[in-house]
Amino acid sequence: AKPLIPAEDILTHALDLLDSDGIEALSVRRLSAALKISPRTLYQQVGNREALIRALVARHFAQLKLDFKEYDTWESTALHWCEALRNALRAHPFLTELMTIDDRSSVTEYANALLEATLQEGIPRPLATECCRGLAHMTINHSIVEVRALREPGHSDAEKAKIERNFLRLVEWVISGVRAEAGGADAGTNRSR
């Protein structure tokens, strides 16, 4: 009997196939043929196509935790956090398009790292939680729309640069708003004392 291919190797090959040939290429039949295994063996190793996709997304986001870094200021940390998440999503645009709401748990550990940095900054927990949740949703949603739009023909370099600037401006606005609200909350707390 031929030894089983490790699930990690299957996921690596599946992501390569997805990146090179698109969503339609990610079929059990095509992947099993490329790996020279039977579709049944592939099902036993990683499950059906949907399970394979969810595993690919989870694996990709699990690797993000290695990229979290704290910078000199909380604002810079949050901005870089959003950029790293966005870059990870843009690195595999077809995978990004396959994301669903069910994949939110894959981002949880990465989001918790930003939440801890936000709490250490002294931002109250309810505001910090909403801030991190909002930044994650905004980044993911913007990235999904962006990878779909950039795949459409006819986008100039100027349009691509505008998309880049708009994303960074949105993130900076959210961060500034949270900082202002946290400052107002601190002032309200001090007044009540």
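You'll find the structure just up there.
Worth saying up front: this structure is predicted, and the values here are computed from it rather than measured. (Residues numbered from 1 in each chain as written. Predicted model: local features only at pLDDT ≥ 70, side-chain atom pairs only at ≥ 80, totals over all residues. Heavy atoms only, no water.)

Considering the overall build of the protein
What the protein contains, in helices and strands, is 9 helices and 0 strands. Listed N to C, the secondary structure of the protein is α-α-α-α-α-α-α-α-α in terms of helices and strands. Its C-alpha atoms give the protein principal-axis dimensions of roughly 75 × 40 × 25 Å. The burial tally for the protein puts 40% of its 193 residues in the buried class. In the protein, of all internal contacts separated by at least 6 residues, the share reaching a separation of at least 24 is 74%. Put simply, the protein shows about 10,900 Å² of open surface, and 53% of that area lies on carbon and sulfur atoms. Of note, the protein has its 24 positive side-chain charges centred 4 Å away from the centre of its 27 negative side-chain charges. (Helix = DSSP H or I, 4+ residues; strand = E, 2+ residues; numbered from the N terminus. Buried < 20%, exposed > 50% of the residue type's maximum accessible area, 1.4 Å probe, protein only. Contact = heavy atoms within 4.5 Å. Areas by Shrake-Rupley, 256 points an atom, 1.4 Å probe, with all protein chains shown as cover. Lys, Arg positive; Asp, Glu negative; His and termini not counted. Charge placed at Lys NZ, Arg CZ, Asp CG, Glu CD.)

Overview of the nonpolar core
Judged by nonpolar contacts, the single largest core of 54 residues is most densely connected at L52, W81 and L135. Ranked by residue count, the leading element in this core is helix 8 (residues 125-151), at 9 residues. Not counting the four nearest positions on each side in its chain, W81 is found in contact with F68, Y110, A111, L114, L135 and A136. (Core = buried A, V, L, I, M, F, W, Y, C linked by side-chain atoms within 4.5 Å.)

A word on the side chain of S32
Mapped onto the secondary structure, S32 falls in helix 2 (residues 28-35). At 2.8 Å, the side chain of S32 forms a polar contact with the backbone oxygen of V28. Setting aside its immediate chain neighbours within four residues, S32 contacts I37, S38, P39 and L42. (Polar contact = N/O pair within 3.5 Å; in protein donor to acceptor, adjacent residues only side chain to side chain.)

Quick notes on the packing of helix 5 (residues 74-91) against helix 7 (residues 104-120)
Put simply, helix 5 and helix 7 touch, their axes get as near as 10 Å, and they point 170° apart. The angle between helix 5 and helix 7 places the two elements in the roughly antiparallel class. Residues W74, T77, A78, W81, A84 and L85 of helix 5 touch helix 7, and the partners they reach there are Y110, A111, L114, A117 and T118. (Axes fitted to C-alpha atoms, helices over the stretch in contact; angles between N-to-C directions. Parallel < 35°, antiparallel > 145°, perpendicular 65-115°, else oblique.)

Description of the environment of L170
Summarising the element assignment, L170 is placed in helix 9 (residues 157-192). Measuring from C-alpha to C-alpha, the distance between L170 and T139 comes to 9.5 Å, with 31 residues separating the pair along the chain. Discounting chain neighbours no more than four positions away, the residues touching L170 are M138 and H142.

Digging into the packing of aromatic side chains
Aromatic rings in a pair are described by how distant their centres are and how their planes are angled relative to each other. In total, this model carries 1 aromatic pair according to the counting rule given. Taking the centre distance of 4.8 Å and the plane angle of 15° together, the rings of W81 and Y110 count as stacked. On the criterion of sequence distance, the pair formed by W81 in helix 5 and Y110 in helix 7 is long-range, its members being 29 residues apart. A single burial state applies to W81 and to Y110, both of which are buried. (Phe/Tyr/Trp six-rings, centres within 6.5 Å; stacked < 30°, edge-to-face > 60°.)

A word on the packing of helix 1 (residues 7-21) against helix 2
Helix-helix packing is characterised by the crossing angle of the two axes and by the distance between the axes. At a closest axis distance of 11 Å, the pairing of helix 1 and helix 2 adopts a crossing angle of 115°. When the axes of helix 1 and helix 2 are compared, the crossing they make is right-handed. Residues I10, H13, A14, L17 and D21 of helix 1 form the contact with helix 2, whose participating residues are R30, L31, A34 and L35. Taken together, the residues of the contact of helix 1 with helix 2 break down into 6 nonpolar, 1 polar and 2 charged. (Left-handed = near helix turned anticlockwise from the far one by under 90°. Nonpolar A, V, L, I, M, F, W, Y, C, P; charged D, E, K, R; others polar.)

Here's the deal with the state of the cysteines
A complete count under the given rule lists 0 disulfides for this structure. C131 takes part in no disulfide bond, and the closest cysteine sulfur to it belongs to C132, at a distance of 4.9 Å. We classify C131 as buried; its relative accessible area is 3%. On the basis of relative accessibility, which here comes to 4%, the residue C132 falls in the buried class. (Disulfide = S-S within 2.5 Å.)

Regarding the side chain of T118
Examined against the element boundaries, T118 turns out to sit in helix 7. Polar contacts involving the side chain of T118 include one to the main-chain carbonyl oxygen of L114, which spans 2.7 Å. When neighbours within four sequence positions are excluded, T118 is seen to be in contact with W74, I123, A128 and C132.

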